[in-house]
Amino acid sequence: MARNKRINFLATLTEGYNKVLDIGTDHGLVLKRAFDEGYIKEAIAADLREKPLMQAMKNLKNYPVKYIISDGFLAIKEPFDLAIIAGMGSHLITEILNNAPKQDEHYLLQANEKIDVLRSYLTSHNFEIIDEYLLYDKFYYVILKVKVGTQTLSLEDIYLGPILKDKPEALDYYRHKAHHIEKIIPKADEKRREELKKMLKIFEKF
Ligand SMILES: C[S@@+](CC[C@H](N)C(=O)[O-])C[C@H]1O[C@@H](n2cnc3c(N)ncnc32)[C@H](O)[C@@H]1O
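Here the structure is a predicted model, which means the values were calculated and not measured.

Let's hear about the domain arrangement of the protein: which residues, and what values?
You can read the domains of the protein as domain 1 (5–153) and domain 2 (168–206). Once you take the C-alpha centre of each, domain 1 and domain 2 turn out to be 28 Å apart.

Report on unusual backbone geometry, specifying residues and quantitative values.
Of note, Asp26 is a non-glycine position whose phi angle comes to about 55°, a positive value. Taking the C-beta count within 10 Å as the criterion, Asp26 has 18 such neighbours and is therefore assigned partly exposed. Residues other than glycine seldom take positive phi values, yet Lys102 does so here, at roughly 55°. You can see Lys102 is positioned in the loop between helix H4 (90–97) and strand E5 (106–111).

Which residues make up the site of the ligand, and what values do they have?
As a matter of local geometry, the ligand sits amid 15 residues, with Gly24, Asp26, Leu48, Ala86 and Gly87 nearest to it. Among the secondary structure elements, those contributing two or more residues to the shell around the ligand are strand E4 (82–88) and H4. If one sorts the elements of the shell around the ligand by residue count, E4 sits on top with 3 residues. Class assignment for the residues of the shell around the ligand results in 7 nonpolar, 4 polar and 4 charged.

How would you sum up the sheet that holds strand E1 (residues 19–23)? Please name residues and give values.
Read from one edge of the open sheet, 7 strands run E3-E2-E1-E4-E5-E7-E6, paired in mixed fashion. Each edge of the open sheet is held by one strand with a lone partner, namely strand E3 (65–69) and strand E6 (127–137). Each strand axis lies, on average, 20° off the axis of its neighbour in the sheet, ignoring direction. Across 5 bridges, strand E2 (residues 42–47) lies against E3 in parallel orientation. By the bridge assignment, Ala45 is partnered in E3 with Tyr67. The strands touched by helix H2 (residues 29–36) within the sheet are E1, E2, E3 and E4, with E1 carrying the most contacts at an inclination of about 160°.

Quick rundown of the nonpolar core? Include the residues and the values.
Where a protein is soluble and globular, its nonpolar side chains tend to be buried together. Ranked by size, the top nonpolar core spans 56 residues in total, and within it Val20, Ile84 and Leu109 carry the most contacts. Three or more residues apiece are contributed to this core by two domains, here domain 1 (5–153) and domain 2 (168–206). Once you skip the residues sitting within four places of it in the chain, Ile84 turns out to touch Leu10, Val20, Asp22, Ile23, Val30 and Leu108.

Break down the packing of helix H1 (residues 5–12) against H2 for me, citing the residues and quoting the values.
Their axes nearest at 8 Å, the elements H1 and H2 cross at an angle of 55°. With respect to H2, the element H1 is oriented oblique. Of the two possible hands of crossing, H1 and H2 adopt the one that is right-handed. Only Leu29, Val30, Arg33 and Ala34 of H2 make contact with H1, whose side of the interface consists of Ile7, Asn8, Leu10 and Ala11. Each residue belonging to the contact of H1 with H2 can be placed in one class, and the counts come to 6 nonpolar, 1 polar and 1 charged.

I'd like a description of the pairing of E2, backed by residues and values.
For E2, the buried fraction is high: 5 of the 6 residues fall into the buried class. Both E1 and E2 contribute to a ladder of 5 bridges, which runs parallel. Counted as the bridge partner of Asp22 is Ala45 from E2. Between the parallel elements E1 and E2, the chain passes through H2 in a crossover that is right-handed.

Account for the environment of Thr25, with residues named and values stated.
Tracing the backbone through its elements, the reader meets Thr25 in the loop between E1 and H2. Residue class for Thr25 comes out buried when judged on the 29 C-beta atoms lying within 10 Å of it. In sequence terms Thr25 and Ile85 are 60 residues apart; their C-alpha atoms lie 8.2 Å from each other. Once residues lying within four places of it in the same chain are set aside, the contact partners of Thr25 are Leu31, Ala45, Ala46, Asp47, Pro52, Leu53 and Ala56.

Reading the values: rules and limits
- Residues numbered from 1 in each chain as written.
- Predicted model: local features only at pLDDT ≥ 70, side-chain atom pairs only at ≥ 80, totals over all residues.
- Domains from an automatic or database assignment.
- Buried ≥ 20, exposed ≤ 12 C-beta atoms within 10 Å, placed from the backbone.
- Helix = DSSP H or I, 4+ residues; strand = E, 2+ residues; numbered from the N terminus.
- Near = placed C-beta within 6 Å.
- Nonpolar A, V, L, I, M, F, W, Y, C, P; charged D, E, K, R; others polar.
- Pairing = 2+ DSSP bridges.
- Axes fitted to C-alpha atoms, helices over the stretch in contact; angles between N-to-C directions.
- Contact = placed C-beta atoms within 7 Å.
- Core = buried A, V, L, I, M, F, W, Y, C linked by C-beta atoms within 7 Å.
- Parallel < 35°, antiparallel > 145°, perpendicular 65-115°, else oblique.
- Left-handed = near helix turned anticlockwise from the far one by under 90°.
- Right-handed = clockwise from strand over helix to strand, strands pointing away.

Encoded structure:
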């Protein structure tokens, strides 16, 4: 896989969708890769800020892309098959999802941290996780594919992932998480320490 594994991997997950909306597109690199590989036919590149969107415009010149300045979904008025929200924190992703159209479309979510927060939010806001992917490129990246629906997740599912937990590649990730939690417990304050101990019990089974 070429230079940026995360970007390329996200692009592969757009295969089979026609019109893809990239929220927080920044330089438009995921869309560029998706077009270059022939995965998608049409796209909307959206960003909160003008400067990154101008960069996306340069990188995606002559591609069938519409550019929209938008805070999340707020200025998006047209339909799409898949929305990508990637490279952000879980809290920001949940804020953005609060205004999602929630019809037939799918959502590809890649939070940089606190995937448990994202999974909890999805469960309590009528989203259903339909797949989970893991990628290692210096860091572990967990990517969720979701749609509107209902799901019930146990505490284990919230941390391990209801689908990821059955994928063999998750084992190394869970061991890495357990090791990391063990390291940070002594430095955490009391409340956080209790949370971390619960998490450790879940991750150290592997
Ligand atoms: C770290 S970059 C991630 C870029 C790309 N999605 C990726 O995965 O590499 C975050 C981008 O999200 C944009 N952004 C932040 N908050 C946003 C919001 N509420 N709505 C739309 N874009 C937002 C920022 O301007 C920035 O371009």
